[in-house]
Structures are given as structure tokens and as C-alpha cells.
Amino acid sequence: MGEEKANDNRGLSLFAEDGQAVKLVGIARLANQAGVADTGHSTEYRAIQVRSILNHSVSKRGLSFGKSINPYRGCEFGCRYCYARYTHEFMELRDPALFERLIYVKQNAAWLLRQELRKLRHGEQIAMGTATDPYQPIERRMRVTRSLLEVMAECRGLNLGIVTKSTLILRDMDLLQKFAARNQLSIHVSITTPDTKLARILEPRAPRPDLRFKTVLALRRAGLRAGILCCPIMPGINDTPAALDAMAKRAKAAQASFLAANPLFLKPCSKATFLAFVHQNFPALESSYEKRYEDKAFASRAYQKRVSDLLAVVARKYGLGARRAEPQPFRETYPADPGQVQQSLWPEQAKLPRSAPTDTIKRRFSA
């Protein structure tokens, strides 16, 4: 650590490849100058001085928000599919594992937000938690997310969406209710699977799925708009009609305002981590994933449509609303029953032997 600090004065980093220090600028330089704020099990937290907290967002996935807030850089939950690992590359941290082991805590976040909100257009959508969970474990001590909500709760006319896997959001119920009384608020609790054993290896340090369902129910009973993101949908793992039907049924029991789902988005930064997970736990699917995501981050349009169609079926079956605040009517062309949709949404899966994961998921991962 001492040698690294010695380089700070020159704006150099020892994280460069081949042991060669490189000139750092922007966020990379700020990250290299960040001092240690705390430590945890296999995790180090650094206090980073940033120049802005409200980021302009341009989404290649067609997401509707124009601004985003991420109180932290990096996330402790260690989800194997996480697309946001690339954000550490901006700081010249190329090892994907550092995204979950080296967490940056943004300093003076509330003060920065107060200044930047003055320039925000009325009604512009803000998303919190797009690249890092705002309620990951370090938030219990650092309380950066809470400080941001304290600022926003004093405002009127904001449109905020929060995405989290954490039950810690319930701590801020008072601020969430205060904010919702004068602004638009949608809370998205991410639950990839209701299967605890599968979730444990897929999202190793995130709260159990059953606790997240209870969190949705608590938020709903408090009068807040809260729904479930079943993301990502992973071919051969959680994409069958039965799996989505079970998720929708649990969402209904939790009184979720909506259920949304999107296929796996596999950026190069997360590909090695996710494929290693597939190799270890679903070896029969490995070659299919390598082929499908060989030269692109998105699933095929045909697969995306199948997921969308099946989601519409189960959402209509259980009376779940749309993700956006104003529900849109479902198309009449959707099949009336999930059983009418092919049992696998990935054609190659039909060719897998009986020992493939689709035949063994229940045995291997059932609670």
C-alpha cells in the first residue's frame, strides 16, 4: 500500500498490466488517491472524492431514465452475472474480482446532490442502483444512500426508481414514505430465483430470496409502489414457463405492484466470471452459452421476444401490473396458458441429455 501511495503524487497506478505504471486521469486518478475507509471479510472500502453524484445516462438497452445515482463504486454481493463490473475498468482496475472486493464510498454525496438537483429538469427520471446496489452491507455503517434520500425527501416533483437486492431498504421506510408523498417513487427488488440454493451460488452474498419477497410485502403494506425484477433470465437455468410462473405466484403473494424480467446481458467484463459459474454448475449448458454470447452481449431478438411473451402470460394470470407507473394493456396475441409456450426458451436445450441441468435443477437446487 505504501508504494502505491508513493505513486499518487505523480498520478500513476500500479494496477496497470505487466507491472507498468500508467498515467491516470479523471476517476482513475481519484480512485488511486482514495484512502482506506474500512475493511471487511475479503473486502476493502476506500473513501473517494468525486466531482458529481448525478450522472447522465445513455442506455443501449432502451432504459427510460436520464439520470442515475450510484452511492458506491463496486458491489459486495458478488452476483456472477453482474454487467457492472466494467465500471471498475474506468479506474484502471481490470481484474473483474476487484469489483466485489474493492468498494469505493463516495464522499460528500448529499452536498453534491443538493447542488445538482437545482439543474434537473422537472419530471426527469432518476435511477438509483444501476451499477451498484445502494443498500449493500457497507451502507449500514456509511449511510451514503440514506443521506441522499434525506436530500430528495425535501424536494417536490422528482421521479425516482430504486433497484436493490437488500432488505436494508426497510431501514429507510420513513424517508421513502416522505419522498413518495410529494414525488414519484418506484422500488424494484431484484429476485433472480426463489430457489435459495441456486441463489446462494449465483448471488453468494446477497440476502436470501425469501427475505426479499418479505421486503416487497413490507414496502407494499407501507403504501409504497414496489415490484420485482426477475433479472437476469438465464437460458436453461431460470427461463422455463414453470420457473416464471412460480416467480409470478410468489410476486402476487408479496402484493408486488409489478413483475419485470430481462434476458441475461453478458458484457465482456463479466463473461469469464459467469461462464466459470456455468462450467462448474451447469456444464451441459457451457457450449451453448459460449456460442450465444460469443460476439455479442445480448441474447437474440427471438429469445428476448419469447421471454417477453411468457412474462406477459404469467403477469396477466396473476394480475400483476406493468413496471411503469401507468400500466399498459397486454396484447391479445399472447397465449392464454403458460403450458402452450415451449418448455424451453432455448432450442438447443431440447437436445441436451437427461443428465442436463434442466432435468436436475429440481434435485440439485430445491430447498
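Scroll up a little and you will see the structure.
(A) Seen up close, the overall build of the protein chain. Within the protein chain, the secondary structure is distributed over 14 helices and 13 strands. Considering only intrachain contacts with a sequence separation of at least 6, the fraction spanning at least 24 residues in the protein chain is 74%.

(B) Representation of the packing of aromatic side chains in the model. For the structure on display, the rule yields 6 aromatic pairs. Considering the side-chain rings of Y289 and Y293, the 6.2 Å spacing of their centres and the 15° angle between planes classify their relative orientation as stacked. Classification of Y289 by relative accessible area gives buried; the value is 0%. Aromatic rings pair up to connect F274, F277, F282, Y289 and Y293 into one cluster. Directly above the ring of F213 sits R250, whose terminal nitrogen or CZ lies 4.3 Å from the centroid. The positively charged end of K267 is found above the aromatic ring belonging to Y86, 4.8 Å away from the centroid.

(C) Main features of the pattern of salt bridges. Per the stated rule, a full pass over the model turns up 18 salt bridges. Close ionic contact of K296 with D295 constitutes a salt bridge, the shortest N to O distance being 3.9 Å. With a closest N to O distance of 2.7 Å, D309 and K305 form a salt bridge. Remark: K305 and D309 occur in helix 13 (residues 301–317); sequence separation between them is 4 residues, near one turn of the helix. When salt bridges with common partners are traced through the structure, they connect E139, R146, E150, R171, D172 and D174 into a single cluster.

(D) The nonpolar core, seen in detail. L117, M152 and Y289 are the most contacted members of the largest nonpolar core, which totals 92 residues. Excluding anything up to four places from it in sequence, M152 contacts I69, L113, L117, M128, L158, L160, F179 and N183.

(E) A look at the side chain of T193. Looking at the secondary structure, you find T193 in the loop between strand 11 (184–190) and helix 8 (196–202). Engagement of the side chain of T193 in a polar contact is seen with the backbone nitrogen of D195, the distance being 3.0 Å.

(F) Expanded view of the pairing of strand 13 (residues 259–263). The buried count for strand 13 comes to 4 of 5 residues, which makes it a mostly enclosed element. Summarising the sheet, strand 12 (residues 226–233) and strand 13 pair through 4 bridges and their orientation is parallel. Bridge pairing in strand 13 links I228 to L259.

(G) Fine view of the sheet that holds strand 5 (residues 55–56). Taken in spatial order, the 7 strands of this open sheet run 5-6-9-10-11-12-13, and their pairing is mixed. Bordering the open sheet on either side are strand 5 and strand 13, each of which pairs with just one other strand. With 2 bridges joining them, strand 5 and strand 6 (residues 67–69) adopt antiparallel strand pairing. By the bridge assignment, H56 is partnered in strand 6 with K67. Docked against the sheet, helix 9 (residues 209–221) engages strand 11 and strand 12, running at close to 150° with respect to strand 12.

(H) Spatial organisation of the pairing of strand 12. When you tally the buried positions in strand 12, you get 8 out of 8 residues, the bulk of the element. Where strand 11 lies against strand 12, 4 bridges are found, and the strand directions are parallel. When the bridges of strand 12 are listed, S190 appears paired with L229. Traced from strand 12 through helix 10 (residues 241–253) to strand 13, the parallel crossover comes out right-handed.

(I) Geometry of helix 7 (residues 173–180). Within helix 7 the residues assigned to the buried category are M173, L175, L176 and F179. Down the axis of helix 7, the buried side of the element spans an arc of 165°, and every buried residue falls inside it. Turning to helix 7, the residues buried within the fold contact helix 6 (144–152), strand 10 (159–164), strand 11 and helix 9.

(J) A look at the packing of helix 4 (residues 109–117) against helix 6. In contact at an axis separation of 9 Å, helix 4 and helix 6 are set at 30° when each is read in the N-to-C sense. Judged on the interaxial angle alone, helix 6 and helix 4 are roughly parallel. The two elements helix 4 and helix 6 meet at a crossing, and its hand is right-handed. Note on element contacts: helix 6 touches helix 4 through V144, S147, L148, V151 and M152, opposite A109, A110, L113, R114 and L117.

(K) Local environment of the packing of helix 9 against helix 10. Relative orientation of the contacting elements helix 9 and helix 10 amounts to 40°, with a least axis distance of 9 Å. By the criterion of interaxial angle, the relationship of helix 9 to helix 10 is oblique. Here D210, F213 and L217 of helix 9 come into contact with helix 10, specifically with M247, R250, A251 and A253. By residue class, the composition of the contact of helix 9 with helix 10 is 5 nonpolar, no polar and 2 charged.

(L) How the structure looks around helix 4. Within helix 4, burial applies to A109, A110, L112, L113, E116 and L117. Along the axis of helix 4, the buried residues cluster in a sector spanning 160°; they form a single face.

Here is what the cut-offs are and how they apply
- Residues numbered from 1 in each chain as written.
- Predicted model: local features only at pLDDT ≥ 70, side-chain atom pairs only at ≥ 80, totals over all residues.
- Heavy atoms only, no water.
- Helix = DSSP H or I, 4+ residues; strand = E, 2+ residues; numbered from the N terminus.
- Contact = heavy atoms within 4.5 Å.
- Phe/Tyr/Trp six-rings, centres within 6.5 Å; stacked < 30°, edge-to-face > 60°.
- Buried < 20%, exposed > 50% of the residue type's maximum accessible area, 1.4 Å probe, protein only.
- Lys NZ or Arg CZ within 6 Å of the ring centre and 35° of its normal.
- Salt bridge = Lys/Arg side-chain N within 4 Å of Asp/Glu carboxyl O.
- Core = buried A, V, L, I, M, F, W, Y, C linked by side-chain atoms within 4.5 Å.
- Polar contact = N/O pair within 3.5 Å; in protein donor to acceptor, adjacent residues only side chain to side chain.
- Pairing = 2+ DSSP bridges.
- Axes fitted to C-alpha atoms, helices over the stretch in contact; angles between N-to-C directions.
- Right-handed = clockwise from strand over helix to strand, strands pointing away.
- Arc of directions from axis to C-beta.
- Parallel < 35°, antiparallel > 145°, perpendicular 65-115°, else oblique.
- Left-handed = near helix turned anticlockwise from the far one by under 90°.
- Nonpolar A, V, L, I, M, F, W, Y, C, P; charged D, E, K, R; others polar.

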